[in-house]
Every structure is written in structure tokens, then in C-alpha cells.
There are 2 protein chains.
Amino acid sequence: MRVYNFSAGPAAIPLEVLEQAQAELCDWQGSGMSVLEVSHRGKDFVACSAHAEELLRSLLGVPDNYRVLFLQGGATGQFAAVPMNLTAPGETIALLNTGQWSGKALKAAQAQGLQVQVAADEAASNYTTVPSPGSFTIDPAARYLHYTPNETIGGVEFGYIPDPGTAPLVADFSSSILSAPLEVSRFGLIYAGAQKNMGPAGLTLVLVRDDLLDQARPETPDVFNYTKMAASDSMLNTPPTFGIYLLGLTLEWIQRQDGLEAIAARNQAKADALYGAIDTSDLYHNPVALDARSRMNVVFTLSDPELTGAFVSEATAAGLTGLKGHRSVGGIRASIYNAMELAGVEALVEFMAAFEAEHC
Amino acid sequence: MRVYNFSAGPAAIPLEVLEQAQAELCDWQGSGMSVLEVSHRGKDFVACSAHAEELLRSLLGVPDNYRVLFLQGGATGQFAAVPMNLTAPGETIALLNTGQWSGKALKAAQAQGLQVQVAADEAASNYTTVPSPGSFTIDPAARYLHYTPNETIGGVEFGYIPDPGTAPLVADFSSSILSAPLEVSRFGLIYAGAQKNMGPAGLTLVLVRDDLLDQARPETPDVFNYTKMAASDSMLNTPPTFGIYLLGLTLEWIQRQDGLEAIAARNQAKADALYGAIDTSDLYHNPVALDARSRMNVVFTLSDPELTGAFVSEATAAGLTGLKGHRSVGGIRASIYNAMELAGVEALVEFMAAFEAEHC
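Notes on the structure follow. (Residues numbered from 1 in each chain as written. Chains lettered and ligands numbered in written order. Predicted model: local features only at pLDDT ≥ 70, side-chain atom pairs only at ≥ 80, totals over all residues. Heavy atoms only, no water.)

## Some remarks on the sheet that holds strand β4 (residues 115-121) of chain B
All names here are of chain B.
In step 1: Spatially, β2-β10-β9-β8-β5-β3-β4 is the arrangement adopted by the 7 strands of the open sheet, whose pairing is mixed. Whereas interior strands pair on both sides, the edge strands pair on one side only; in this sheet they are β2 (66-71) and β4. Averaged over all neighbouring strand pairs, the angle between strand axes comes to 20°, with direction disregarded.
In step 2: Alignment of strand β9 (residues 189-193) against strand β10 (residues 204-209), held across 5 bridges, turns out to be antiparallel. Bridge pairing in β10 links tyrosine 191 to valine 206.
In step 3: Strand contacts of helix α4 (residues 100-111): β3 (92-97), β4 and β5 (145-147), with the helix running at about 165° to β3, the strand carrying the most contacts. (Pairing = 2+ DSSP bridges. Helix = DSSP H or I, 4+ residues; strand = E, 2+ residues; numbered from the N terminus. Axes fitted to C-alpha atoms, helices over the stretch in contact; angles between N-to-C directions. Contact = heavy atoms within 4.5 Å.)

Here it is in C-alpha cells:
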């Protein structure tokens with residue numbers, strides 16, 4: 001029996017995707033081989049990778065002057081790779097600090113010898129807010145503005161795309177990519193780990209505008225060098241083939257859900273149902289400002305914190321897993337990415353009401 | 001129907017491993033989730049990763065003063081990571097140049113600002129040899145000696161462990177790790193991509209001796225920083241969970257084959273059968289010196305090169321796939337890693353004889 005998995009990442013994958021992967025795991029496309037076993041340079045896998053790229057371009061509307069790269073190392077790898085590819089040591093970048101993932105990107109940029117202008121810092125609200133549009137000014141010397149559209153730990157999400165002034169906009173979309181339509185042309189560079197909305201851990205997506213290529217530092221590892229990776233169709237070295245294959249299956253699944261508009265509507269309905277349950281309860285509390293609530297990661301605390309452990313264990317027993325909050329903040333976190341069905345959120349809402357009735 | 005897959009990597013995986021992964025792909029250990037979906041920090045996956053490490057330590061006899069790291073980015077990533085972790089710019093390393101992969105490691109070390117003493121270069125034989133023991137001297141200033149125990153493209157393998165003098169020995173074991181017992185204590189650092197003898201592409205194994213930690217350059221990306229990765233049990237960021245899981249299944253399979261001594265004997269028998277067929281034929285020719293023939297990648301040319309295309313297509317039709325030589329050198333390459341059964345090699349030998357009889 002499948003459970004409802006609210007893990008923050010690795011996270012739930014659509015059952016249809018898993019079942020297709022399972023059916024063909026020992027014999028892919030009648031090849032007599034698993035997709036795990038075929039050469040990345042063989043025509044079958046090259047077609048599989050090209051298919052994933054085409055679907056992604058089509059679903060997200062990626063303009064022709066952007067390159068799609070399939071890399072490794074996750075967003076944490078990109079925290080170093082972005083500065084290495086786009087700056088020289090001693091230069092300045094701007095950053096919006098909205099929580100733990102922004103903070104990690106900040107430290108990694110400093111480790112690459114950059115001056116970081118923190119154009120907005122939400123420390124005063126304990127990172128439960130995002131800066132208002134127009135409330136920050138970007139240093140004209142900044143080589144780019146970096147921000148985190150969705151903070152997976154804090155459960156905070158931008159409801160708008162920040163204006164980077166004349167600098168390119170760089171965004172870590174790990175936890176909200178493909179959750180709604182996206183105006184890619186507003187960005188210079190987008191990166192995202194796959195393990196929330198795209199497939200398994202170990203695949204990293206980078207979308208980079210052509211004019212940002214050709215300026216990597218000489219010491220940039222080849223596997224992180226956007227220019228070299230773009231020139232080799234992400235096959236400078238052996239790519240994470242199974243991840244690319246599962247990405248393709250996931251994108252086909254998104255297509256079958258009628259695309260990103262439909263996905264966005266469903267995600268909004270799920271988030272509304274869950275925040276609604278929290279806001280009408282006396283036991284549960286979400287600390288995030290109304291205009292900054294994440295559609296992907298819904299965090300809440302219990303007015304009696306001693307009940308948190310019982311909540312997690314009773315939920316698990318009821319087939320609702322992965323609800324324990326991040327170890328750094330505690331509480332509860334329900335990650336409701338694309339693959340979480342509305343029925344799963346409804347089951348959680350029902351459980352929350354029953355738990356409150358039982359314990360309060 | 002499964003074929004015999006002679007691809008160089010990604011490569012054949014034991015059918016038992018694939019079948020187990022297939023059986024539990026939608027419900028791992030009764031969790032109601034795929035192993036692809038579970039949190040890397042949950043107790044089940046932490047146990048899965050620890051189990052893979054324990055099996056690896058046990059099978060290879062990894063001493064306690066070595067750390068086992070599960071990274072991403074393949075050997076190509078390590079070409080940059082090793083210099084970043086073990087040297088400062090301007091320092092010297094030594095390297096044995098025995099073919100294309102050594103050459104790539106050399107260029108990547110230079111890109112990190114290192115002086116590279118090429119202590120031996122097999123250019124004179126067109127990289128069909130390895131240097132004899134004692135025929136090279138390591139610069140006393142070298143921070144380490146790097147070599148490639150098995151050259152996947154050239155089909156050349158060291159039959160011995162080179163003496164690095166007082167420097168630590170660093171080896172790219174991507175294409176021969178776990179193919180035979182290994183005296184790990186002779187090495188300072190071993191790295192290997194998983195996609196030949198350990199599982200899927202996207203997982204990279206590093207074994208590093210404790211005394212080589214704590215000296216990474218400040219700009220080393222965290223995901224390549226051995227010290228930080230060792231301190232976090234390879235979970236500084238989200239690891240490639242499915243790859244680690246498949247590594248564990250593959251190590252259990254090696255255990256069921258009675259361990260690395262038995263694996264080594266079987267690999268030797270496979271190589272002997274294939275080289276025997278080549279050496280007793282008028283059509284096939286292997287260019288590699290007898291003491292440097294790879295047990296993993298058997299390369300050969302046809303005395304009439306025009307027959308190469310027919311050989312590959314007729315072999316494919318006969319269920320023997322992945323035999324086309326590397327695009328840079330042409331000819332034929334049969335990669336016969338652990339997962340290739342003796343029956344597969346026998347089928348290839350039989351096909352080679354029939355092809356020769358038909359065409360010559």
C-alpha cells in the first residue's frame with residue numbers, strides 16, 4: 001500500500017512514473033537492456049535526453065537563447081558554480097536573504113572571493129517574510145542578483161519576480177520549478193536540483209542565457225563549466241542517465257495533467273486547503289506572512305509543542321509520512337510538490353482535525 | 001530477452017540486482033514509498049547508505065583510517081577535486097601518462113595551477129604499454145603521484161601498484177574498482193565513477209586517507225570538499241540516493257559470488273578466453289603489450305578495417321551489443337566488467353569465429 005509522502009526532498013514521485021520505470025527496468029524500449037545500462041552516447045539514450053530537453057523547453061517556454069544543461073551536484077554545487085562561471089574574484093553580487101538556502105548561497109559566494117551586497121535581509125521577521133517589490137536597490141556594480149524563489153525550510157515563497165535592475169537575475173528554483181508557469185526570459189540563469197518536482201536526487205537542471213557563457217574562471221571544474229557543458233550537450237562526462245530518463249517521464253506526466261497552468265491550479269488548491277485548515281484551528285499555527293506563504297512547503301507549529309512528536313508518529317501510522325519539520329527548526333512541514341495528490345492533502349487535513357479533537 | 005551488453009560505461013548491471021530494484025521500485029522495504037522518494041536523512045536511507053559503506057569496507061578491506069565518500073560528478077569531477085583538496089596553486093604533482101584518461105587528469109591538474117611532472121609517458125608505444133616498475137622517478141617535490149590503473153579507451157592496465165616514493169599515491173579506479181582484491185593501504189586516495197563495476201552513472205566513490213583531509217583550497221566547492229563531506233557522512237547536500245542503494249545491491253551480489261577473489265578469477269578467465277580468441281585468429285588484432293592488457297576493456301582491430309561496421313551490426317543482431325570502439329580510436333572494444341557473465345564472453349568468442357569464417 002502506498003503512503004502519502006510529504007518529504008521535502010527527495011520527495012514523492014508520480015506513481016505512474018514509478019510504474020513505467022518499474023515495468024521497463026530490465027528491458028528498456030525492447031533493447032534487452034535497462035536504461036541504467038545503456039551508453040549515454042548511444043542513439044537511444046541521446047534521443048531520451050533530447051526528448052527530456054524538448055519537453056522541458058515546451059512546458060516552460062524556454063526561449064531559444066537559453067541553454068538547457070543536465071548537471072550533477074545539486075543546488076549546493078551551483079552555489080559555487082554560479083560565481084565561478086559568472087564572476088571574477090573581488091567582484092560584487094547582490095542577494096536577497098530570505099532564509100537558510102539564501103544564506104548558504106551567500107556564504108558560498110563569499111568563499112569564491114565575492115563581495116555580497118545583501119540588498120534585502122528578512123532577519124527582522126525571523127525570515128517569515130519576503131521583501132516587498134521596489135523595497136530594495138541593487139548595487140549597480142553587481143554582476144547579478146541572486147534570490148531563492150521558495151525557501152524549503154522556512155516555507156516562504158516570493159509571489160513575484162524581483163527586479164534586478166540592469167543585472168541578470170539568478171534564481172535557485174530547486175523547490176518550485178515546474179510548479180507553475182514561469183517567465184524564463186526574466187532570468188539570466190535558473191538552477192534546480194531535481195529531487196522535488198523533477199525526479200530523483202543526483203540530477204541538477206541549469207537554464208542559462210547564452211550571453212552569460214564564455215566567462216568561467218580557469219579553475220572552474222569542467223563538470224561545472226556551463227560553456228563546456230553547453231558545447232557538449234551536457235555529455236562532457238557521463239551524465240546521470242537514470243535521472244534524465246526519469247525527468248523525461250515526469251515531464252510526460254505533467255503534459256498529461258494538461259501542463260503547468262493546470263498543475264499550478266491544483267497546487268494552489270492544495271495549499272489553500274492546508275493553510276485553511278491551519279488558520280481555522282486553535283492548535284496549528286503558520287508563522288509566515290500571508291503574501292509569502294509557500295505553495296510547496298507548508299510549515300506549522302503546534303500551540304502545545306509537546307504534542308509535535310505524537311503528531312508525527314500518529315500521522316505516520318495513518319499513512320502520512322515525512323511530516324517532521326527540518327531538524328534546524330522543528331515543528332511540522334508538509335511538502336506538497338506536484339506529485340502530491342489533492343487527496344493526500346485532504347487526508348492530512350482530516351488527520352489534523354481528528355488529532356486536534358483527540359488531544360485538545 | 002536480455003542481450004549481452006559490452007558497453008564501456010554505463011555498463012551491464014547484474015540481472016539479479018536489476019530484478020530486486022524492479023520488484024521493490026514502488027514500495028521499498030514495505031515503506032509504501034520508492035527508495036527514490038525517501039528522505040536521505042530518514043533512518044531507513046541512512047541505514048541503506050551505512051550498509052553500502054560497511055559492505056564496501058568489508059569487501060575491499062578498507063582500513064579504519066580511510067574515509068568512504070559518496071559524491072557526484074564522476075571521475076571528471078575528481079580531476080579538479082583532487083588538486084583542489086590536496087594542493088595549493090603553483091605546487092607540483094607527478095603523473096604517469098598512459099592514455100586518454102591520464103591525459104585528461106593531467107590537463108585538469110594544470111588548469112588548477114599545478115606543475116605536472118610527467119614521470120612516465122607511453123607516447124612512444126602509442127599508449128599500448130605501461131611503464132615498468134622502477135623505470136620512473138618521482139620528483140621529491142610532488143604532492144602526490146596520480147595514475148590510471150586501467151585505461152578504458154586504450155585497453156591498457158597496470159599489473160602492479162606503482163611506487164610513489166614518499167608521495168601519496170592517487171588512482172582513478174573508475175574502470176577496475178572491485179574487479180579484484182586491492183591493497184587499499186598502498187594508496188592515499190582512490191576515486192571511481194560507479195557506472196562500470198558499481199552501479200549507475202551519477203555516483204562517485206572516493207576513499208581518502210585521513211591525513212590528506214583538512215587542506216582544501218578555500219574556493220573548493222563544498223560538494224567536492226573531502227573534509228566537509230567526510231564530516232557530514234556525505235550528506236552535506238542531498239546525495240544520489242538511488243545510486244547508493246544500487247551500489248549496496250551490487251555489493252551484496254559480489255558477496256554472493258564469494259567475494260573479490262572469486263570475482264577476480266572469473267574476470268581473468270573471461271579475459272583469457274577473449275584474448276585467446278584474438279591471438280589465435282588471423283582477422284583480429286590486439287595492439288596492447290602482453291603485460292599491459294586490460295582485464296576489463298579488450299580492444300581489437302580487424303585486419304580488414306572495412307569489416308568493422310559489419311562486425312558491429314552482425315554482433316548486435318546476434319544479441320551482443322556495445323562493441324563499437326571509442327569514437328576517438330575506432331575498432332572494437334568489449335568491456336567485460338564484473339556483471340558480464342562468462343557465457344557472454346563465450347558467445348562473443350563463438351560469434352568472432354563464425355564472423356571470421358564467413359568473411360575471410
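## Section: the interface of chain A and chain B
In step 1: Contacts between the two partners involve 58 residues from chain A and, on the opposite side, 58 residues from chain B.
In step 2: A combined buried area of about 4,300 Å² lies between chain A and chain B, and 60% of that area is made up of carbon and sulfur atoms.
In step 3: On the surface where chain A and chain B come into contact, there are 2 salt bridges.
In step 4: Linking Glu37(A) and Arg2(B) is a salt bridge whose minimum nitrogen-to-oxygen distance equals 2.7 Å.
In step 5: Viewed at the interface, chain B and chain A are joined by 19 residue pairs in polar contact (both at pLDDT 80 or more). (Buried area = accessible area lost by both parts, 1.4 Å probe. Salt bridge = Lys/Arg side-chain N within 4 Å of Asp/Glu carboxyl O. Polar contact = N/O pair within 3.5 Å; in protein donor to acceptor, adjacent residues only side chain to side chain.)

## Topic: unusual backbone geometry
For residues besides glycine, phi is generally negative; the peptide bonds are generally trans as well.
In step 1: Cis geometry is adopted by the peptide bond preceding Pro10(A), which originates at Gly9(A) and carries an omega value of -10°.
In step 2: Backbone geometry places Tyr127(B), a non-glycine residue, at a positive phi of 60°.
In step 3: Relative to the elements of secondary structure, Tyr127(B) occurs in the loop between β4 and β5.
In step 4: Judged by its relative accessible area of 24%, Tyr127(B) falls in the partly exposed class.
In step 5: A positive phi angle, close to 65°, is found at Leu178(B), a residue other than glycine.
In step 6: Look at Leu178(B) and you get buried, because its relative accessible area is 2%. (Buried < 20%, exposed > 50% of the residue type's maximum accessible area, 1.4 Å probe, protein only.)

## Side note on empty space enclosed by the protein
In step 1: Within this structure, the stated rule accounts for 7 cavities of 30 Å³ or more.
In step 2: Roughly 130 Å³ of internal volume is contained in the largest cavity.
In step 3: Along the wall of the largest cavity there are 14 residues; nearest its centre are Ala201(A), Pro240(A), Gly243(A), Ala201(B) and Gly243(B).
In step 4: Elements represented by at least two residues in the lining of the largest cavity include exactly α6 (241-256) of chain A together with α6 (241-256) of chain B.
In step 5: Top contributing element to the lining of the largest cavity by residue count: α6(B), with 3 residues.
In step 6: Class assignment of the residues belonging to the lining of the largest cavity gives a composition of 9 nonpolar, 5 polar and no charged.
In step 7: Of the voids in this model, the second largest cavity is the one considered here, and its volume is about 70 Å³.
In step 8: As for the second largest cavity, its lining consists of Ala12(A), Ile13(A), Pro14(A), Lys196(A), Asn197(A), Met198(A), Gly199(A), Thr250(A), Trp253(A), Asn338(A) and Ala339(A).
In step 9: Residues that form the lining of the second largest cavity fall into these classes: 6 nonpolar, 4 polar and 1 charged. (1 Å grid on protein atoms, 1.4 Å probe; cavity = no way out; pocket = protein on both sides within 12 Å on 5 of 7 lines; lining within 4 Å. Points joined across faces, edges and corners; volume = space filled by probe spheres on them. Nonpolar A, V, L, I, M, F, W, Y, C, P; charged D, E, K, R; others polar.)

## Focus: the environment of Gly344(A)
All names here are of chain A.
In step 1: By secondary structure assignment, the location of glycine 344 is in helix α9 (residues 342-359).
In step 2: Given a relative accessible area of 0%, glycine 344 falls into the buried group.
In step 3: When the C-alpha atoms of glycine 344 and tyrosine 4 are compared, they prove to be 5.7 Å apart, with 340 residues separating the residues in sequence.
In step 4: Once you skip the residues sitting within four places of it in the chain, glycine 344 turns out to touch Tyr4, Phe6 and Leu320.

## Quick notes on the relation of the copies chain A and chain B
In step 1: Each copy of the sequence occupies a distinct position, and chain A is placed on chain B by a rotation of 180° and an axial shift of 0.0 Å, giving an RMSD of 0.0 Å. The operation mapping one copy onto its partner corresponds to a two-fold rotation axis. Of the C-alpha atoms belonging to chain A, the one lying closest to the rotation axis is found on Gln22(A), 2.6 Å away.
In step 2: Of all interface residues in chain A, 100% are interface residues in chain B too; the two copies therefore contact each other through one and the same surface. (Least-squares fit on C-alpha atoms with pLDDT ≥ 70 in both.)

## Some words on the pairing of strand β12 (residues 297-302) of chain B
Residue and element names in this part refer to chain B.
In step 1: Counting buried positions along β12 gives 5 out of 6 residues, so the element sits mostly inside the fold.
In step 2: As defined by bridge partners, β12 adjoins strand β14 (residues 332-335) across 4 bridges and the pair is classed as antiparallel. Paired with valine 298 across the bridge in β14 is alanine 334.

## Considerations on helix α8 (residues 308-317) of chain B
Residue and element names in this part refer to chain B.
In step 1: Inspection of α8 places Thr308, Phe311, Val312 and Ala315 among the buried residues, and these make up the whole buried set. Down the axis of α8, the smallest arc covering the buried residues is 95°, so these residues share one side.
In step 2: Those residues of α8 that are buried lie in contact with β11 (284-285), β12, β13 (320-321), β14 and α9 (342-359).
In step 3: A positive backbone phi angle near 85° is found at glycine 319, which sits one or two residues after α8. (Arc of directions from axis to C-beta.)

## Here's the deal with a positive patch on the surface
In step 1: Taken together, Arg41(A), Lys104(B), Lys107(B) and Arg327(B) make up a surface patch of like positive charges.
In step 2: Mapped onto the fold, Lys104(B) is located in helix α4. (Patch = residues over 30% accessible without salt bridge, like charges linked within 9 Å, V, L, I, M, F, W, Y side chains within 5 Å. Areas by Shrake-Rupley, 256 points an atom, 1.4 Å probe, with all protein chains shown as cover. Lys, Arg positive; Asp, Glu negative; His and termini not counted. Charge placed at Lys NZ, Arg CZ, Asp CG, Glu CD.)

## Let's talk about the state of the cysteines
In step 1: A full pass over the atoms with the stated rule returns 0 disulfides over all chains.
In step 2: A disulfide-free cysteine, Cys48(A) has its sulfur positioned 17 Å from the sulfur of Cys26(A), the nearest such atom.
In step 3: The exposure class assigned to Cys48(A) is buried, which follows from its relative accessible area of 12%.
In step 4: Here Cys26(B) is not disulfide-linked; the sulfur of Cys26(A) is the nearest cysteine sulfur, at 13 Å.
In step 5: Given the relative accessible area of 11%, Cys26(B) is considered buried. (Disulfide = S-S within 2.5 Å.)

## Comments concerning the packing of aromatic side chains
In step 1: One pass over the structure, following the stated rule, counts 28 aromatic pairs over all chains.
In step 2: Consider the rings of Phe173(B) and Phe187(B), whose centres lie 5.5 Å apart with planes at 75°: the pair is edge-to-face. With Phe173(B) in the loop between β8 (169-172) and β9 and Phe187(B) in the loop between β8 and β9, this residue pair connects regions lying 14 residues apart in the sequence. For the pair Phe173(B) and Phe187(B), a shared accessibility class is recorded, and that class is buried.
In step 3: Ring geometry for Phe311(B) against Phe355(B): centres 5.2 Å apart, planes inclined by 75°, an arrangement best described as edge-to-face. Remark: Phe355(B) occurs in helix α9 and Phe311(B) occurs in helix α8; sequence separation between them is 44 residues. Exposure class is identical for Phe311(B) and Phe355(B). Each is buried.
In step 4: Grouped by ring-pair contacts, the aromatic residues Trp28(A), Phe242(A), Tyr245(A), Trp28(B), Phe242(B) and Tyr245(B) constitute a single cluster.
In step 5: Just above the ring of Trp101(A) sits the side chain of Lys104(A); from NZ or CZ to the centre is 4.8 Å. (Phe/Tyr/Trp six-rings, centres within 6.5 Å; stacked < 30°, edge-to-face > 60°. Lys NZ or Arg CZ within 6 Å of the ring centre and 35° of its normal.)

## Some words on helix α1 (residues 15-23) of chain A
All names here are of chain A.
In step 1: Residues of α1 that are buried include every one of Val17, Leu18 and Ala21, and no others. One face of α1 carries all of its buried residues, which in axial projection span an arc of 95°.
In step 2: Where α1 is buried, its residues contact α6.

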